[in-house]
Amino acid sequence: SQTIHQWPATLVQPVGSPLSLECTVEGTSNPNLYWYRQAAGRGLQLLFYSVGIGQISSEVPQNLSASRPQDRQFILSSKKLLLSDSGFYLCAWSHVNNYGYTFGSGTRLTVV
Amino acid sequence: AQTVTQSQPEMSVQEAETVTLSCTYDTSENNYYLFWYKQPPSRQMILVIRQEAYKQQNATENRFSVNFQKAAKSFSLKISDSQLGDTAMYFCAFMSGNRDDKIIFGKGTRLHILP
C-alpha cells in the first residue's frame, strides 16, 4: 500500500535561518506531489506542485522553493526564513486516477 | 478560475443529530471532481467522500453523503447520526479533470459535535 512520510513534525527556527522540509512517498511510482500551507487553522494554499522529477510549478511567489530530486521525494526549502513563513505545511500526493490527494501528517513551523 | 465557497465558518450540533455542511463552487468545466476532506484536531487531512461530476448519483460513505446539484454548482455534505469523533474542520474541494489535477480548497467549516 502507498504511504507518505513528512518530517519533521514540529520545527522552531529563527528568522533568517534556512529551511528544509522533506516528503517521501512509498508504494507508488511517478506520483504528482504537492506542498500546501495552512495559516491560522483555515484554508489551504497551494505553494508548489510537481508532475515529475525536476519539474516544479510555483503557485505563489514567495520566500520558498521546492525541488524533486527523486521520483518520490519532494523538498520544500528556504534560504532565509521570514516571520510570515510560520504555518502548518502539508505535503500530498496523487495519481492520475483522480481519486484526490493523500496527505502527510504535516509540519508545524514557527519562525521566531 | 475555479473557486470554492463554504459559507458556514462554524457549526455546532448535538451528538446523534444530522448536520449538513454547504459548499458552492464556480467553474466553466464539465469534467471535474469534488471532495470533502476532514481535518480533526490532529490536523491530519482525511478524505471523507468523492464525487465525479459526470455521475448523477450522489456519493455515499457510511454516515456521510452528499447532495450534488451540478446545475446549481452546489455540493453539500450530510453527516447522519453525528458522533463526537466527527468534530473537525471540513473542507470542500474541487479538482479539474485536466492532467495537472490541482485541488482547490474552500476555507473550511469548523464543526463541533456536542455531547
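Look up: the structure comes first, before these words.
Presented here is an overview of the structure given in this document.

What counts, and where the lines are drawn
- Residues numbered from 1 in each chain as written.
- Chains lettered and ligands numbered in written order.
- Predicted model: local features only at pLDDT ≥ 70, side-chain atom pairs only at ≥ 80, totals over all residues.
- Heavy atoms only, no water.
- Pairing = 2+ DSSP bridges.
- Helix = DSSP H or I, 4+ residues; strand = E, 2+ residues; numbered from the N terminus.
- Axes fitted to C-alpha atoms, helices over the stretch in contact; angles between N-to-C directions.
- Polar contact = N/O pair within 3.5 Å; in protein donor to acceptor, adjacent residues only side chain to side chain.
- Disulfide = S-S within 2.5 Å.
- Buried < 20%, exposed > 50% of the residue type's maximum accessible area, 1.4 Å probe, protein only.
- Contact = heavy atoms within 4.5 Å.
- Buried area = accessible area lost by both parts, 1.4 Å probe.
- Salt bridge = Lys/Arg side-chain N within 4 Å of Asp/Glu carboxyl O.
- Nonpolar A, V, L, I, M, F, W, Y, C, P; charged D, E, K, R; others polar.

Considerations on the sheet that holds strand β7 (residues 65-70) of chain A
The pairing of strands in a sheet happens through backbone hydrogen bonds and is either parallel or antiparallel. Residue and element names in this part refer to chain A. The four strands lie next to each other as β1-β3-β8-β7, forming an open sheet whose pairing is antiparallel. Of all the strands in the sheet, the pair left with one neighbour each is β1 (3-7) and β7. Taken over all neighbouring pairs, the strand axes of this sheet differ in orientation by 20° on average, direction set aside.

As for the side chain of Gln73(A)
Here Gln73(A) is to be found in strand β8 (residues 73-78). Polar side-chain contacts of Gln73(A) include one of 2.5 Å to the side chain of Glu22(A).

Comments concerning the state of the cysteines
Here a disulfide denotes a covalent bond joining the sulfur atom of one cysteine to the sulfur atom of another. Residues and elements named next belong to chain A. Using the criterion set out here, one finds two disulfides over all chains in the structure. Sulfur-sulfur distance for the disulfide between Cys23 and Cys91 comes to 2.0 Å. Disulfide Cys23-Cys91: torsion about the S-S bond near -75°, hence left-handed. Of this pair, Cys23 sits in strand β3 (residues 19-26) while Cys91 sits in strand β9 (residues 87-94), and the two are 68 residues apart along the sequence. In terms of burial, Cys23 and Cys91 fall into one category: buried.

Here's the deal with the interface of chain B and chain A
In this complex, chain B contributes 23 residues to the contact, which on the side of chain A involves 26 residues. Buried surface at the junction of chain B and chain A, both sides included, amounts to about 2,100 Å², of which 46% is carbon and sulfur. Scanning the region where chain B abuts chain A turns up one salt bridge. The salt bridge involving Lys102(B) is made with Glu59(A); its shortest N-O contact spans 3.3 Å. Our enumeration of links across chain B and chain A arrives at eight residue pairs in polar contact (both at pLDDT 80 or more). If you list the elements that add at least two residues to the side of chain B that touches chain A, you get β5 (32-39), β6 (46-52), β10 (88-96) and β11 (103-105) of chain B. Residue classes in the side of chain B that touches chain A are distributed as 11 nonpolar, four polar and eight charged.

A closer look at the pattern of salt bridges
Tallying each qualifying case throughout the model produces seven salt bridges over all chains. Between Arg37(A) and Asp85(A) there is a salt bridge, with the nearest N and O atoms lying 3.8 Å from each other. One end of the pair, Arg37(A), is in strand β4 (residues 32-38); the other, Asp85(A), is in the loop between β8 and β9, with 48 residues separating them in the sequence. Salt bridges sharing partners connect three or more residues here, namely Arg50(B), Glu52(B) and Lys55(B).

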